[in-house]
Amino acid sequence: MRPDPDGGAPPLAIEVNDLTVAYREQPVLWDVDVSFRQGALTAIVGPNGAGKTTLIRAILGLVPLAAGMVRILGRAPEDARTEVAYVPQRGSVDWDFPTSVLDLVLMGTYGRLGWFRRPGAAERDRAGEALEKVGMEAFAERQISQLSGGQQQRVFLARALVQDARIYLMDEPFQGVDARTETAIVEVLRELRARGNTVIVVHHALQTVAEYFDEVVLLNVRRIASGPVEEAFTDENLRLAYGGRVPFLRSAG
Amino acid sequence: MNGVHLEIQLLAAVVAVACALPGVFLVLRRMALMSDAISHSILLGIVLGFFWVGDLGHPLLILAATATGVLTVALVELLHGTRRVKEDAAIALVFPALFSIAVILIAQRAGGVHLDVDAVLLGEIAFAPFRRFEWNGLDLGPRSLWVMGGILALNLLAIGLFYKELKLSTFDAGLAASLGFSPVLVHYGFMTLVSVTAVGAFDAVGSILVVALMIAPPAAAWLLTDRLPVMLALSGLIAAVSAIAGFHVAIAFDASIAGSMAGMTGVAFVGAFALAPERGLVAQWQRRARQRVEFAGLMLSIHLLNHEGGARAEVENRVEHLSEHLRWSPDFARRVVRRAERDGLVVREGRDRLLLTPLGREAARHGMVQAPPAR
């Protein structure tokens, strides 16, 4: 672990140094330095193509890094796998897959089970609890193709909850969901924070950033700004991140 | 029915089930066409192996052919990975190249040997009982039954042991990777399984019909269930029944056994496609027709509500006027009214005057503010 310059402060949840990711020589993220504080709700915002999803996937080790380094809780990412839960965009899977809601949530327990071992009664109980937390317990035996978009998102969230991780990375959990789901997700995020977990969310709706989140990272291929929402989420930084097409300005909202 | 026929049927069923099990994951992974590629390119492995050891029954042949199958997958992914070629084009480029080399080699050097084009395309399951597996002079049955039985056992074992890993990496490769289950490892392990199975089945049913046995039973099973374990079991069952039925069809019509087996898997699929309880065509038509009548019942309620107590209610709310005002055929109007009566939305007064029930009134009001449920 790195020496801690602040003395007693907890180590960072995630530290990203000089991260560059490129697809076919085309940089998607350029030399990004950013750190995520433990126990905070952090939003990653930026225009389409800003590399928000890529940043999350790079942290998870799902895309090759052209340069740079990622540390999770002061460790190399492959040594911190069980500390991190990932909620991908819900369009990333085939919802016609022949399985039930409970079974999908149980997939979140596979990481701790490791190879060969099957989920048992204890895992099923935890999956049931997680479904209750997101208000989907009545749907446990339902085929996943019968869910609405918001219900799919809540099931994905439940799957992340059973991973029992310290850090949660979520890719646009609020995208296209109903009001009830949005409330349910926000409640879960706050509960996670109250228990000392770190939550990092790729977020689209700029008008809710200040309401939902403690910290924000503005991204557009480069890191534009990051820090507590009051400091980093300014009109000027939004202009820098979004160019001329700022969909929302603080002073106007 | 004689012993030879029994042995052929047993072999046919074993081959079909062994193909259908990995086929389930091929279909779920949207890689059905990869089975076509593998089943063709393994011929190159068989030919090269044959030149090497000079014996078509040698175990090394299976090894060489399996390796060619996995090589096909790797080459397709390499080509696709350059992003200059789409995946389907990559498949169509790779396997004909390997297959054509094999065909040329057979024509050039294996003239006298029984590696002929018919056997390659259709297999020779009818001759399988003549190649016996003997041990210390003891006849233990057809050799291909042992080979295929071993491959079936391998498939059952692998899918049983790695069920959770296969399911996870098939459904959500991103999560599998982030949880530390290498999807690449699972993928190549699985493709090795598919290759071994294709090699074993090749001998019995040839390179083209392997595809039917791998894809049709799972595709049919997927229409019948939405649980993966049930889908696996149903695929196996459909495969076995199709294989045995195919044998009897072939005997009855003096046709190719392998061709009839594959044909019966097609029949099973068409049957499921038409008759599956929820996803079949018939069920879909019935559901649409029912929804049309239900929606019409709602329209009827709204129509009655609008004219309730009005001056023209006497005229508007008669069954025979519905066809005129709502432009329904008399037959359809009668069906709608019957349905609405059964649902308790309307009651008939006298011979054909319709009155809304309180329930019907509520449904009409509710229906006007809310769009009908989308289905």
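The paragraphs below set out a description of the structure included in this document. (Residues numbered from 1 in each chain as written. Chains lettered and ligands numbered in written order. Predicted model: local features only at pLDDT ≥ 70, side-chain atom pairs only at ≥ 80, totals over all residues. Heavy atoms only, no water.)

Side chains of Asp125(A), Glu129(A), Glu132(A) and Glu137(A) sit close together on the surface and give a patch of like negative charge. Along the chain, Glu137(A) turns up in the loop between helix 4 (121–133) and helix 5 (149–161). (Patch = residues over 30% accessible without salt bridge, like charges linked within 9 Å, V, L, I, M, F, W, Y side chains within 5 Å. Areas by Shrake-Rupley, 256 points an atom, 1.4 Å probe, with all protein chains shown as cover. Salt bridge = Lys/Arg side-chain N within 4 Å of Asp/Glu carboxyl O. Lys, Arg positive; Asp, Glu negative; His and termini not counted. Charge placed at Lys NZ, Arg CZ, Asp CG, Glu CD. Helix = DSSP H or I, 4+ residues; strand = E, 2+ residues; numbered from the N terminus.)

The next point concerns the packing of helix 2 (residues 32–53) of chain B against helix 9 (residues 183–224) of chain B. All names here are of chain B. Viewed as axis vectors pointing N to C, helix 2 and helix 9 meet at an angle of 95°, and their least axial separation amounts to 8 Å. As judged from the angle between their axes, helix 2 and helix 9 are roughly perpendicular. Each of Ala32, Met34, Ser35, Asp36, Ile38, Ser39, His40, Ile42, Leu43 and Ile46 in helix 2 lies in contact with helix 9, whose residues at this interface are Met191, Val194, Ser195, Ala198, Val199, Phe202, Ser207, Ile208, Val210, Val211, Met214 and Ile215. Split into classes, the residues belonging to the contact of helix 2 with helix 9 amount to 16 nonpolar, five polar and one charged. (Axes fitted to C-alpha atoms, helices over the stretch in contact; angles between N-to-C directions. Parallel < 35°, antiparallel > 145°, perpendicular 65-115°, else oblique. Contact = heavy atoms within 4.5 Å. Nonpolar A, V, L, I, M, F, W, Y, C, P; charged D, E, K, R; others polar.)

Here we come to empty space enclosed by the protein. Summed over the entire model, instances satisfying the criterion amount to one cavity of 30 Å³ or more. Here the largest cavity is characterised by a volume of approximately 70 Å³. In this structure, the largest cavity is lined by Arg81(A), Thr82(A), Val84(A), Gly108(A), Gly111(A), Arg112(A), Gln163(A), Ser178(B) and Leu179(B). By residue class, the composition of the lining of the largest cavity is two nonpolar, five polar and two charged. (1 Å grid on protein atoms, 1.4 Å probe; cavity = no way out; pocket = protein on both sides within 12 Å on 5 of 7 lines; lining within 4 Å. Points joined across faces, edges and corners; volume = space filled by probe spheres on them.)

Now for the environment of Leu281(B). All names here are of chain B. Mapped onto the fold, Leu281 is located in helix 12 (residues 281–307). For Leu281, a relative accessible area of 30% corresponds to the partly exposed category. Residues Leu281 and Ala102, spaced 179 residues apart in sequence, show a C-alpha to C-alpha distance of 42 Å. Excluding anything up to four places from it in sequence, Leu281 contacts Phe273 and Ala274. (Buried < 20%, exposed > 50% of the residue type's maximum accessible area, 1.4 Å probe, protein only.)

Attention now goes to the interface of chain A and chain B. One widely used convention gives an interface's size as the accessible area the parts lose upon coming together. Listed as interface residues are 32 residues of chain A and, on the opposing side, 30 residues of chain B. Between chain A and chain B, the buried area comes to about 2,800 Å², and carbon and sulfur atoms account for 64% of it. Considering only the surface of chain A that becomes buried against chain B, Phe97(A), Pro98(A) and Trp115(A) emerge as the three largest contributors, covering 25% of it. Remark: the boundary between chain A and chain B carries three salt bridges. Asp103(A) is paired through a salt bridge with Lys167(B); the nearest N and O atoms lie 2.6 Å apart. Linking chain A with chain B are twelve residue pairs in polar contact (both at pLDDT 80 or more), by the criterion used here. Looking at the side of chain A that touches chain B, the elements with two or more residues in it are helix 2 (101–106), helix 3 (110–113) and helix 5 of chain A. A total of three residues in the side of chain A that touches chain B trace back to one element, the largest contributor, which is helix 3 of chain A. Counted by class, the side of chain A that touches chain B contains 16 nonpolar, six polar and ten charged residues. (Buried area = accessible area lost by both parts, 1.4 Å probe. Polar contact = N/O pair within 3.5 Å; in protein donor to acceptor, adjacent residues only side chain to side chain.)

As a further point, take the sheet that holds strand 4 (residues 67–72) of chain A. Strand pairing in a sheet relies on backbone hydrogen bonds. The paired strands run either parallel or antiparallel. Residues and elements named next belong to chain A. The strand order across the open sheet built from three strands is 2-1-4, with neighbouring strands paired in antiparallel fashion. Strands at the two margins of the open sheet, each flanked by one partner only, are strand 2 (26–36) and strand 4. The sheet shows a mean angle of 20° between the axes of neighbouring strands, taken without regard to direction. The pairing of strand 1 (residues 14–23) with strand 2 spans seven bridges and is antiparallel. Within strand 2, the residue paired with Val16 across the bridge is Val34. (Pairing = 2+ DSSP bridges.)

Glancing now at the layout of surface pockets. Picture a little ball the size of a water molecule; that probe, rolled over the atoms, points out where space is still empty. Quantified by volume, the largest pocket comes out at close to 1,200 Å³. In terms of lining residues, the largest pocket is bounded by 36 residues, among which Arg57(A), Ala173(B), Gly174(B), Pro183(B) and Val184(B) are the most central. Within the lining of the largest pocket, the residues separate by chemical class into 18 nonpolar, nine polar and nine charged.

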